[in-house]
Amino acid sequence: MPAALVIGASRGIGRQIAITLARNGFQVGVAAKTAEESTKLPGTIHSVSSEISQEGGTAVPIKCNTRDDVQIQNAVETCVNAFGRLDFVVYNAGAIIWEKVIDTPMKRFDLMMEVNARGAYCTVMNVLPYFLEQKSGKILLISPPIYSRFFKGKTPYAMSKIGMTILTSGLAHELQDTGVSITSLWPATVIESHVTRVRKVPAKLMRNPTIFADACLRIAQEKTDRLNGQALLDEDYLRLCGVTDFSQYRCDPDNEPPRMMPKTLPSLKVEEEDIDVFSFSKL
């Protein structure tokens, strides 16, 4: 059986990703910081693992604070030791503070950078040796495509998330012809979560997290490395896979939620894309 590690899997999108992977034949390492129930944050690594086990799946709960390099290393090693293999790694952990620069003190900025960009980088660094040795494996970072509107009003947060997408784009070049690939994925609409429930976002504006998990599953099942380096949107990628009925994902059965992402995204490539910039350092 293939094996997956989902970091940030105790609730919301991460929980659904773990459950969807398990329902489709994956052994799953359920990793997150939350190991004990609380009234403020429902869901733990144990509750999600229990859900998977009750459906006949295989899951291992793994406590993982992504600000701790040792805990990330342990999460990867736990999966390899428990399952005897590792095929797919999803980095879904995230710190979200949507404020302007002037309203984001260094403590909060550091939190986002450590959990988002640095945590993703540390995960990649710990996964790569296994994947490169076995000449296969897929890494999925939950981060957005790069476009200017995403920066507005939340620049500090955008810096931490776009950094993850740059990791996807840059590392993809290093992974060519290795059998290993890295991809970014982001929702096209608002996705129902604990945060949206707390903020009482109307159901008509949201899709349930199953749509995102279904896109993750398709990426995990991709037989080629054609997604290496791509920053995808869940709806758009599922359409490319042949999905046409998105009503199944509505939180409000009578309303299709509005798209929050642009219909088309800018290309970041330039005419001189293939010039070796390192050659200039010798001049």
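The structure reproduced in this document is the subject of the present report. This is a predicted model, so every value here is computed, not measured.

Scanning the chain from N- to C-terminus turns up eight helices and nine strands. Relative to its length of 283 residues, the chain is compact, with a C-alpha radius of gyration of 19 Å against a globular reference of 19 Å. Dimensions along the principal axes, computed over C-alpha positions, put the chain at roughly 60 × 45 × 45 Å. Counting across all 283 residues of the chain, residues that qualify as buried make up 47%. Carbon and sulfur atoms provide 53% of the accessible area of the chain, an area that totals close to 14,600 Å². When the 32 basic and 31 acidic side-chain charges of the chain are each reduced to a single mean position, those positions are 6 Å apart.

What follows concerns unusual backbone geometry. Trans peptide bonds make up the majority, and among non-glycine residues the majority have a negative phi. You will see that Lys135, though not glycine, has its phi angle at about 60°, which is positive. Of note in the backbone geometry, Asp177 takes a positive phi value of approximately 65° without being a glycine. Along the polypeptide, Asp177 turns up in the loop between α5 (155–174) and β6 (180–186).

Turning next to the environment of Ile139. Mapped onto the fold, Ile139 is located in strand β5 (residues 137–142). Given the relative accessible area of 2%, Ile139 is considered buried. Distance from Ile139 to Ile219, taken between C-alpha atoms, is 9.5 Å for residues 80 residues apart in sequence. Once residues within four sequence positions are removed from consideration, Ile139 is found in contact with Val89, Val124, Val127, Leu128, Phe131, Ser181, Ile182 and Thr183.

With that out of the way, let us pick up the sheet that holds strand β9 (residues 231–233). Strand order in this open sheet of seven strands is β3-β2-β1-β4-β5-β6-β9, and the pairing throughout is parallel. Single-partner strands in this sheet number two, and they are β3 (59–63) and β9. The sheet shows a mean angle of 20° between the axes of neighbouring strands, direction not considered. Sheet topology places strand β1 (residues 3–7) next to strand β4 (residues 88–91); four bridges connect them, and they run parallel. Pairing of Ala4 across the sheet is with Phe88, part of β4. Of the strands in this sheet, β2 (27–32) and β3 touch helix α2 (residues 45–54), which is tilted by about 175° from β3.

On to the packing of helix α4 (residues 106–134) against α5. Working note: a packed helix pair is described by the angle between its axes plus the distance between those axes. Contact pair α4 / α5: the axes reach a minimum separation of 7 Å and the direction vectors enclose 15°. With respect to α5, the element α4 is oriented roughly parallel. With respect to the hand of their crossing, α4 and α5 are arranged in right-handed fashion. For the pair α4 and α5, the contacting residues are Phe109, Met112, Met113, Asn116, Ala117, Ala120, Tyr121, Val124 and Leu128 in the first and Pro156, Tyr157, Met159, Ser160, Lys161, Met164, Leu167 and Leu171 in the second. Per-class residue counts for the contact of α4 with α5 are 14 nonpolar, two polar and one charged.

According to the stated counting rule, one finds five aromatic pairs in the structure shown. Where Trp98 meets Tyr157, the ring centres are 6.0 Å apart and the plane angle is 50°; that geometry is what we call tilted. One end of the pair, Trp98, is in the loop between β4 and α4; the other, Tyr157, is in helix α5, and 59 residues separate them in sequence. For Tyr157, a relative accessible area of 4% corresponds to the buried category. Aromatic side chains Phe150 and Trp186 sit 5.9 Å apart centroid to centroid with 85° between the ring planes, which places their arrangement in the edge-to-face category. Taken together, the positions of Phe150 in the loop between β5 and α5 and Trp186 in strand β6 put the pair 36 residues apart, joining distant regions of the chain.

Here we come to helix α3 (residues 69–83). The terminal C-alpha atoms of α3 lie 22 Å apart, and with 15 residues this matches the ideal 21 Å at 1.5 Å per residue to within 8%. Looking at the packing, one finds that the buried side of α3 touches β1, β2, β3 and α4. Between a side-chain oxygen at the N-terminus of α3 and the backbone nitrogen of Val70 the separation is 2.9 Å; the capping residue is Asp68.

Conventions we followed
Residues numbered from 1 in each chain as written. Predicted model: local features only at pLDDT ≥ 70, side-chain atom pairs only at ≥ 80, totals over all residues. Heavy atoms only, no water. Helix = DSSP H or I, 4+ residues; strand = E, 2+ residues; numbered from the N terminus. Rg over C-alpha atoms; globule rule 2.2 N^0.38 Å. Buried < 20%, exposed > 50% of the residue type's maximum accessible area, 1.4 Å probe, protein only. Areas by Shrake-Rupley, 256 points an atom, 1.4 Å probe, with all protein chains shown as cover. Lys, Arg positive; Asp, Glu negative; His and termini not counted. Charge placed at Lys NZ, Arg CZ, Asp CG, Glu CD. Contact = heavy atoms within 4.5 Å. Pairing = 2+ DSSP bridges. Axes fitted to C-alpha atoms, helices over the stretch in contact; angles between N-to-C directions. Parallel < 35°, antiparallel > 145°, perpendicular 65-115°, else oblique. Left-handed = near helix turned anticlockwise from the far one by under 90°. Nonpolar A, V, L, I, M, F, W, Y, C, P; charged D, E, K, R; others polar. Phe/Tyr/Trp six-rings, centres within 6.5 Å; stacked < 30°, edge-to-face > 60°. Expected span 1.5 Å × (residues − 1). Polar contact = N/O pair within 3.5 Å; in protein donor to acceptor, adjacent residues only side chain to side chain.

All we've got here are geometric facts, nothing functional implied.
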